[in-house]
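# Notes for the structure review
Here's the letter readout for the chains.
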Amino acid sequence: MPQHYPFTAIVGCEPDALDPMGLSLVLSTISPQIGGVLVRGQKGTAKSTAVRALAEVLPRISVYDGDRFSIDPDDPQATSPDGPFTAESARHERPVRLVELPVGATEDRVLGSLHLQSALSAGEVSYEPGLLARAHRGILYVDEVNLLHDHLVDLLLDAAAMGRSTVERDGISVSHQARFVLIGTMNPEEGELRPQLLDRFGLTVEVSAPHEHAARAAVVRRRMAFDGDPTAFIAAHAADEAALSARIADAQQRLGAVRLGDAALLKIAEVCAAFEVDGLRADIVTARTAIAHAAWCGRASVTREDIRQAALLALPHRRRRNPFDAPGMDEELLDQVLGDDDLPPDEPHQPDEPHQPDEPGPEDPGQGEATEPQGDLPQGDGQGKAPEGGPDQEPPAVDQPRDTPENSSDVNPPEQDLPALPPTGAVPETVVQAGTPSPRPRTFTVRGLGEGAAGRRSRAITSSGRRVGARRPESGPGSLHLVETLRAAAGEQPRRRALQPPTPEPVEGLDIRAEDLRLAVREGREANLVLFCVDASGSMAARKRMVQVKTAILSLLLDAYRRRDKVGLVTFRGQGAELALPPTRSIDIAAARLDEIPAGGRTPLAEGLLETARVLRREQLRDPQLRPLLVLVTDGRATAGAGAVDRSRQAADFVAGLGISTVVIDGEQGPLRLGLARQLATRMGAEHVPVDEVTADGLTRTVRSQLPLSHPAPSTHSSSSRSPSTSR
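We now turn to the structure provided with this report.

Turning our eyes to something else, we now look at unusual backbone geometry. Residue P84 follows G83 across a cis peptide bond; omega there is 10°. The residue P84 is located in the loop between β4 (61-64) and β5 (91-94) in this model. Phi angles above zero are rare outside glycine, and R137 is one such case at about 65°. With respect to the helices and strands, the residue R137 is situated in the loop between α5 (131-134) and β9 (139-143).

Written as structure tokens, this is what we have:
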């Protein structure tokens, strides 16, 4: 049995000095109704270590013998598909399970499915429990949850919120309890969760490596001691582990008796309103977290400090308005809203209503004044800060793209057929910022049918989606295609019966064998590599053209974020090209790099195309199933170096020969246009799109400009006058 690093030995997880990560994990185990924890942080910050160690300190649970669904024997309302169980049924105690959900798990593995062995050998329809059933009353851990397909994340969060899982498929109808602590960890450099999914996690914490020398030294010293003698190290922390386990059990017992008074509830509502969070889930989670924190601290009622700690864990990730906003919390504003005075005391509740707000009695003078909010929001008097002016509104500072795992240069494709690129020369440069991205940019897809990771862009054969055929199991796992399995078996029945010895009675039923199995082939959507090749020369900087170009690219980045794509950025200007952002799944980093792109100098179009070809070939070696989409943003000019035009045509032909789906975003504007970008697109076999047609507003203006003015909206005219670019 593997030996896990003790929870209390992790720096920051000592019971009397819990950091935000340790506190959030403990509170979620005290009150699983909080909704789980999302731990965000860089690699090497003990995220997975802390989660795996947490299961070791949780109190043991009692279960019935032979119950695969682990219902609580002390809960009279609990039922199990393996039951019925009675008070006399045998039971035993076991440790809390830590169930790990792999990123590549299928929906059948998560929910459960038909037990194939029973169905094929005995003809019985029985249910094989999935990971949700196994995690009941335990911990369900998803490492790299940001890489999990969105529909599986939705499924997990729905089960965690409802506390129940229902399966209706393959002739099975099963409903069972699924109450667990959902814990997800992720590295933001590898991609973000959609805000809608982020909001479904009860608590979220940001972790990073300590900067203090003493703390870093303590981490190294403890880890080396554990690796040197795990048994002795675990024994040295056994007393702390037992004390933490006992404290968690005590907090779980006192949770139902903690009082949440009117004043505390109003203060929670005031805090959530001050930070302008959407919906009421934030209020509910903050209230539950404050109650759990009070139970952890041994208090009988919720105090100001409980609300403060709950808000710091429950609100930061709910303040994001779009994917490029950095999560954060203005603690100064939080303290101003909470005020300096503690909450007024409330009358004790009746034992049967521990969580209901107190009703003011007739002899309770001053109760109305006590439950009023503790003050108005700051009005910007020079001391406080308005909600929208806090430091959490600053974009994340990103200046080390080499930290992303995709930036490794361990794979180098053969480059003997690519000419060497001259270095970028020093040229006058200007830096402009992008405008507000369009929420509905034009959608571009990769041609053909791929087999890449599940996403939302191009057509592909994936593990989820609509069934389009069947296959034999040799090519990998999948879900059973029952109809095709029966059809394959039916075709073999005459031959099999002819080979069987004669029997007195006719053989009934269908003889199904392993070779008859057929798995479903499903068509869905895949994620792609979207590589931007951006002309940052002086011609693109003229007449504020770069602002519109960056806005269009930012809109496409937003679209790539929603479709789970990987993105990269190549820029060319002066005398050469550079890989400004190696391919990564972090759209935040890409957006920050986009703002930093300078513009100026000549246009080395050939060098930009050749650098793009190098990046695409390198990425193809790393992941052959990740199909690329090249987005070339240029006005088509080529002015750098001798024979610039001829070299750019040769480079365009070379890129076209790679067979990559390409879109040319034409940055040329004004009434007098040379049409060079359109000619380049034709030469490359690419789709040509003017820059002002990338956003939805630009497309709308283009379509309206082509509609006949004398016919406002007849359907016959609008269908015949529609722009070809709107058919996508």
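Here the narrative resumes.
Before going further, it helps to examine the pairing of strand β12 (residues 181-186). Within β12, six of the six residues are buried, leaving the element largely enclosed by the surrounding structure. Burial along β12 is two-sided: V181, I183 and T185 facing one way and L182, G184 and M186 facing the other are all buried. Bridge count for strand β3 (residues 37-41) against β12 is four bridges, and the pairing is parallel. Bridge pairing links L38 to G184 in β12. Where β9 meets β12, five bridges bridge the pair, whose relative direction is parallel. What sits directly across from D143, in β12, is T185.

Here the focus is the nonpolar core. Ranked by internal contacts, the top residues of the largest apolar core, which has 69 residues, are F7, I30, F275, W296, V302 and L315. Here I30 is in contact with I248, A251, Q252, L255, A292 and W296, once residues within four sequence places are set aside. Ranked by size, the runner-up nonpolar core spans 35 residues in total, among them L556, Y561, A580 and L581.

What follows concerns the sheet that holds strand β17 (residues 519-526). In space, the three strands of this open sheet follow the order β15-β17-β16, with antiparallel pairing throughout. Edge positions in the sheet fall to β15 (454-462) and β16 (466-471), since each has one partner strand and no second. Taken over all neighbouring pairs, the strand axes of this sheet differ in orientation by 35° on average, direction set aside.

Here we come to the packing of helix α1 (residues 20-30) against helix α10 (residues 238-254). Contact geometry of α1 with α10 gives a least axis separation of 9 Å together with a crossing angle of 50°. Taken together, the axis directions place α1 and α10 in an arrangement best described as oblique. Between α1 and α10 lies a crossing whose hand is right-handed. Side by side, α1 and α10 meet where V26, T29 and I30 of the first sit next to I248, A251 and Q252 of the second. Tallied by class, residues from the contact of α1 with α10 come to four nonpolar, two polar and no charged.

Procedures and definitions
- Per chain, residues are indexed from 1 in the order of the written sequence.
- Side-chain atom pairs in this predicted model are given and counted only at pLDDT of 80 or more, local residue features only at pLDDT of at least 70, and totals for whole chains, interfaces and linings cover all residues.
- Note that the side-chain values use all heavy atoms of the structure and ignore hydrogens as well as water.
- Secondary structure elements follow DSSP: runs of H or I no shorter than four residues count as helices, runs of E no shorter than two count as strands, and numbering proceeds from the N terminus.
- Summary of the burial criterion: residues with accessible area below 20% of their type's maximum are buried, those above 50% are exposed, and those between are partly exposed, where the area comes from a 1.4 Å probe applied to protein chains only.
- DSSP-based pairing: two strands are paired if at least 2 bridges between them are found.
- For the purposes of this section, nonpolar cores are sets of buried Ala, Val, Leu, Ile, Met, Phe, Trp, Tyr and Cys residues that join through side-chain atoms within 4.5 Å.
- A contact between two residues is defined here by any heavy atoms of the two lying within 4.5 Å.
- Every angle, taken between N-to-C directions, lies between 0 and 180 degrees, and every axis is a line fitted to C-alpha atoms, over only the stretch in contact when it is a helix.
- When an angle is under 35 degrees it counts as roughly parallel; over 145 it counts as roughly antiparallel; between 65 and 115 it counts as roughly perpendicular; any other value is oblique.
- Left-handed describes a crossing in which the near helix is turned anticlockwise from the far one by less than a right angle; the clockwise case is right-handed.
- In this classification, the charged set is Asp, Glu, Lys and Arg, the nonpolar set is Ala, Val, Leu, Ile, Met, Phe, Trp, Tyr, Cys and Pro, and all remaining amino acids, among them Gly, are polar.

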